[in-house]
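# Residue-level structural notes
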Amino acid sequence: MRSARKQSLFLLFLLFQACSTREHLHEALDREFFEPISVLPSTAPHQILTNEHRESDSLSLVLADSLEMLLQEQNARIEELEKEVELLRERVQSDSSAKRSEWRVAGGSGTGGKGEGAYVRAMRHFDERRYREAILGFRSALKKGIPVDLQDESRMRIAKSYFRLQQYRFAIAELEPLLTGTSYESRTEALFTMGQSYEMLADVVSARRWYEVVVREGSGTEYGRRAEERLGRLREQR
């Protein structure tokens, strides 16, 4: 009887020791698990980031700024092209009917003759942005014979067509006679297109020179204002 009681007491003692040991083990594990969380609030965020993290963030900011600047330049260029298209539309609408009537009056004289149809077709090609066909059409009209003012207009359209085709040196070659040998009524447009062509060729010095001429001769006009804008952008790029 006594032997059974001693065995029972001994088993109860072992069970108590096992429970106590398990509780101490759980407490140790809990402390180990929660210790990193308790340390974090006393650590400043900038101390947690490594130098590699900070360098990576700096590089990301630089790239973001560069992309933003490129987008702004592209948007400005798009706005400028839209303004140019609007000017051309207004010019076509206001001038085409008057010049065709003038051609009909002067067509029978010695200043013109057989180029009316070629000129009208070339204008249609230009309006439809078929610039290669427009160039051929205007050259055909010049060869067949058209009045002097339409000759200058045809050369201007040829130059603009080359510009739209990104053949800027050909555009410059077509523009030069309009600026030196004639009194072309749209001289400021020709001057501005000359400046644009040199700018697209990355000849900043020549581009600035032509834009400055536009500002002097076209003060108060749309092309004069746009030339001032281009000069400002060229100065910022230096």
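Our structure is the block above this text.
Below or above, wherever it landed, is the structure these notes cover. (Residues numbered from 1 in each chain as written. Predicted model: local features only at pLDDT ≥ 70, side-chain atom pairs only at ≥ 80, totals over all residues. Heavy atoms only, no water.)

### A look at the overall build of the protein chain
Scanning the protein chain from N- to C-terminus turns up ten helices and zero strands. Across the protein chain, helices and strands are ordered from the amino to the carboxyl terminus as α-α-α-α-α-α-α-α-α-α. Burial analysis of the protein chain (238 residues in total) assigns 32% to the buried set. Of the roughly 16,100 Å² of accessible surface on the protein chain, a fraction of 56% belongs to carbon and sulfur atoms. (Helix = DSSP H or I, 4+ residues; strand = E, 2+ residues; numbered from the N terminus. Buried < 20%, exposed > 50% of the residue type's maximum accessible area, 1.4 Å probe, protein only. Areas by Shrake-Rupley, 256 points an atom, 1.4 Å probe, with all protein chains shown as cover.)

### Observations regarding the packing of helix α9 (residues 204–217) against helix α10 (residues 222–237)
For the pair α9 and α10, interaxial distance at closest approach is 8 Å and the crossing angle is 150°. Considering how the two elements wind past one another, α9 and α10 form a crossing that is left-handed. From α9, V204, A207, R208, Y211, E212, V214 and V215 reach across to α10, where they touch Y223, G224, A227, E228, R230, L231, L234 and R235. Taken together, the residues that form the contact of α9 with α10 break down as nine nonpolar, one polar and five charged. (Axes fitted to C-alpha atoms, helices over the stretch in contact; angles between N-to-C directions. Left-handed = near helix turned anticlockwise from the far one by under 90°. Contact = heavy atoms within 4.5 Å. Nonpolar A, V, L, I, M, F, W, Y, C, P; charged D, E, K, R; others polar.)

### Considerations on the pattern of salt bridges
Per the stated rule, a full pass over the model turns up nine salt bridges. For R155, the salt bridge is made with D152, and the minimal N-O distance between the two is 3.7 Å. Residue R155 and its partner D152 are located together in helix α6 (residues 148–164), separated by three residues, close to a single helical turn. Its relative accessible area of 27% is what places R155 among the partly exposed residues. The partner of R157 in a salt bridge is E153, and the shortest N-O contact between them spans 2.7 Å. In this pair, R157 and E153 are both assigned in helix α6, four residues apart and thus about one turn of the helix distant. Comparing R157 with E153 shows no difference in burial state: the two are buried. (Salt bridge = Lys/Arg side-chain N within 4 Å of Asp/Glu carboxyl O.)

### Remarks on unusual backbone geometry
The backbone phi angle of R129 is positive, close to 65°, even though this residue is not glycine. Positionally, R129 belongs in the loop between α4 (116–127) and α5 (131–144). Located in the positive-phi region is Q166, a residue other than glycine, with phi close to 65°. We classify Q166 as exposed; its relative accessible area is 58%.

### Things to note about the side chain of E174
Inspection of the secondary structure puts E174 in helix α7 (residues 168–180). You can call E174 buried: its relative accessible area is 15%. At 2.7 Å, the side chain of E174 forms a polar contact with the side chain of R139. Setting aside its immediate chain neighbours within four residues, E174 contacts R139, R155, I158, A159 and Y162. (Polar contact = N/O pair within 3.5 Å; in protein donor to acceptor, adjacent residues only side chain to side chain.)

### Examining helix α8 (residues 187–200)
Look at α8: 20 Å from first C-alpha to last across 14 residues, which is about the 20 Å you get at 1.5 Å a residue. When you tally the buried positions in α8, you get eleven out of 14 residues, the bulk of the element. Three or more residues of α8 are buried, namely E189, A190, L191, F192, T193, M194, G195, Q196, S197, Y198 and E199. One or two positions beyond α8, positive phi appears at A202, with a value near 70°. (Expected span 1.5 Å × (residues − 1).)

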